Amino acid sequence: EPEVTQTPSHQVTQMGQEVILRCVPISNHLYFYWYRQILGQKVEFLVSFYNNEISEKSEIFDDQFSVERPDGSNFTLKIRSTKLEDSAMYFCASRGTSGNTGELFFGEGSRLTVL
Amino acid sequence: QKEVEQDPGPLSVPEGAIVSLNCTYSNSAFQYFMWYRQYSRKGPELLMYTYSSGNKEDGRFTAQVDKSSKYISLFIRDSQPSDSATYLCALARAQAGTALIFGKGTTLSVSS
């Protein structure tokens, strides 16, 4: 069964460092998303990406964040200068054009710990 | 008022019980209603999807939407220990590719 894969599964970094989280969406999907979940809190939308551009972003997704689809398979989230409050589980998700709005397939997540 | 409210529980039931999980929302722009299941330290997994008021059944699961009351429910019949997880309601507006707004999730434990 096709799945969304994310790397790394866990990354520990020092405050102020740059972090890149990587995702390989399901191969025929065209909508891509990043969500995050701070421990004990709700899953929060960060950004959606379609047709090589951001289609929607939340207030959380400020200038410290960026997304990129550098080739035909990877979808990355970059945090330029990490803060303690960026510590969270980051989930990548994708959706196919034939899927209904809301039918997202999530990866297993990348846990980011900022010290 | 929060966009989506969901009682976090925890909810503990014996095997075979009927479970009722609920969310309320405030924005009538939401047109799509989903239930996701999340096991510990895993990504959410779609369980049920609906866009109209009424009931939708899939095996032991029934999703219910009441748009007039802005209230959605998930019923689990004959609950199993494998149903132990966190259940997240998620809502979306009409546009393709739009963000999902999640509830905080209800943690369910089914004991054998």
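Positions within a chain are numbered from 1, following the residues in the order the chain's sequence is written. The order in which chains are written sets their letters, starting at A; the order in which ligands are written sets their numbers, starting at 1. Reporting in this predicted model follows two pLDDT cut-offs: at least 70 for local features of residues, and 80 or more for side-chain atom pairs to be given and counted; totals over whole chains, interfaces and linings ignore these cut-offs and use all residues. Side-chain measures were taken over the full set of non-hydrogen atoms in the model, leaving aside hydrogen atoms and water.

1. Structural notes on the nonpolar core
Soluble, globular proteins show a tendency: their nonpolar side chains are buried together. In this structure, Trp 35, Ile 72, Leu 74, Ile 76, Tyr 87 and Leu 91 of chain B are the most contacted members of the largest nonpolar core, which totals 25 residues. Listing elements by their share of this core, those giving two or more residues are strand 3 (19-25), strand 4 (32-38), strand 5 (45-50), strand 7 (61-66), strand 8 (71-76), strand 9 (85-92) and strand 11 (106-111) of chain B. Whether two residues touch is decided by their heavy atoms; if any such pair falls within 4.5 Å, the residues are in contact. Contact partners of Ile 76 of chain B, with chain neighbours within four places excluded, come to Ala 17, Ile 18, Val 19, Leu 21, Arg 60, Phe 61, Asp 83, Tyr 87 and Leu 108 of chain B. Grouped together as the second largest cluster of nonpolar side chains are 22 residues, Trp 34, Ile 38, Ile 79 and Ala 88 of chain A included. Each nonpolar core is a collection of buried residues, namely Ala, Val, Leu, Ile, Met, Phe, Trp, Tyr and Cys, held together in the definition by side-chain atoms within 4.5 Å. Only protein chains enter the accessibility calculation, which uses a 1.4 Å probe; a residue is then buried when its area is under 20% of its type maximum, exposed when over 50%, and partly exposed in between. Put simply, DSSP marks the helices as runs of H or I at least four residues long and the strands as runs of E at least two long, and each gets a number from the N terminus on.

2. Focus on the layout of surface pockets
Here the term cavity refers to a set of points on a 1 Å grid, laid over the protein atoms alone, in which a 1.4 Å probe fits but cannot get out; the term pocket refers to an open set having protein on both sides within 12 Å along at least five of seven lines, with lining residues being those that place an atom within 4 Å of a point. Grid points are joined across faces, edges and corners, and a volume is the space filled by probe spheres set on the points. Considered as a void within the structure, the largest pocket measures approximately 630 Å³ in volume. In terms of lining residues, the largest pocket is bounded by 25 residues, among which Phe 106, Gly 107 and Glu 108 of chain A together with Gly 43 and Pro 44 of chain B are the most central. For the lining of the largest pocket, the secondary structure elements donating two or more residues are strand 1 (5-7) and strand 10 (105-106) of chain A together with strand 4 and strand 5 of chain B. All residues other than Ala, Val, Leu, Ile, Met, Phe, Trp, Tyr, Cys, Pro, Asp, Glu, Lys and Arg, Gly among them, are scored as polar; the first ten of these are nonpolar and the last four charged. The residue inventory of the lining of the largest pocket, partitioned by class, reads ten nonpolar, seven polar and eight charged. Taken together, 24 residues line the second largest pocket, and the ones lying closest to its centre are Gln 37, Leu 39, Gly 40 and Gln 41 of chain A together with Gln 38 of chain B. Among the elements of the structure, strand 9 (88-95) and strand 11 (110-114) of chain A together with strand 9 and strand 11 of chain B are those that each provide at least two residues to the lining of the second largest pocket. By residue class, the composition of the lining of the second largest pocket is eleven nonpolar, ten polar and three charged.

3. Considerations on the packing of aromatic side chains
Each aromatic ring pair is characterised by the separation of its centres together with the angle its planes make. Aromatic rings from Phe, Tyr and Trp, with only the six-membered ring used for Trp, were paired whenever their centres fell within 6.5 Å, and each pair was classed as stacked if the ring planes differed by under 30 degrees, edge-to-face if by over 60, and tilted otherwise. Counted under the stated rule, the structure contains 18 aromatic pairs over all chains. A ring pair is formed by Tyr 25 of chain B and Phe 30 of chain B, whose centres lie 6.1 Å apart and whose planes are at 80°; its orientation type is edge-to-face. As far as burial versus exposure is concerned, Tyr 25 of chain B and Phe 30 of chain B are alike and both buried. Here the aromatic cluster, defined as three or more aromatic residues joined through ring pairs, consists of Tyr 33, Tyr 35, Phe 45, Phe 91 and Phe 106 of chain A together with Tyr 36 and Phe 102 of chain B. To sit over a ring, a charge needs its Lys NZ or Arg CZ within 6 Å of the ring centre and within 35 degrees of the ring normal. The ring centre of Tyr 31 of chain A lies 4.2 Å from the NZ or CZ of Arg 95 of chain A, which sits over that ring.

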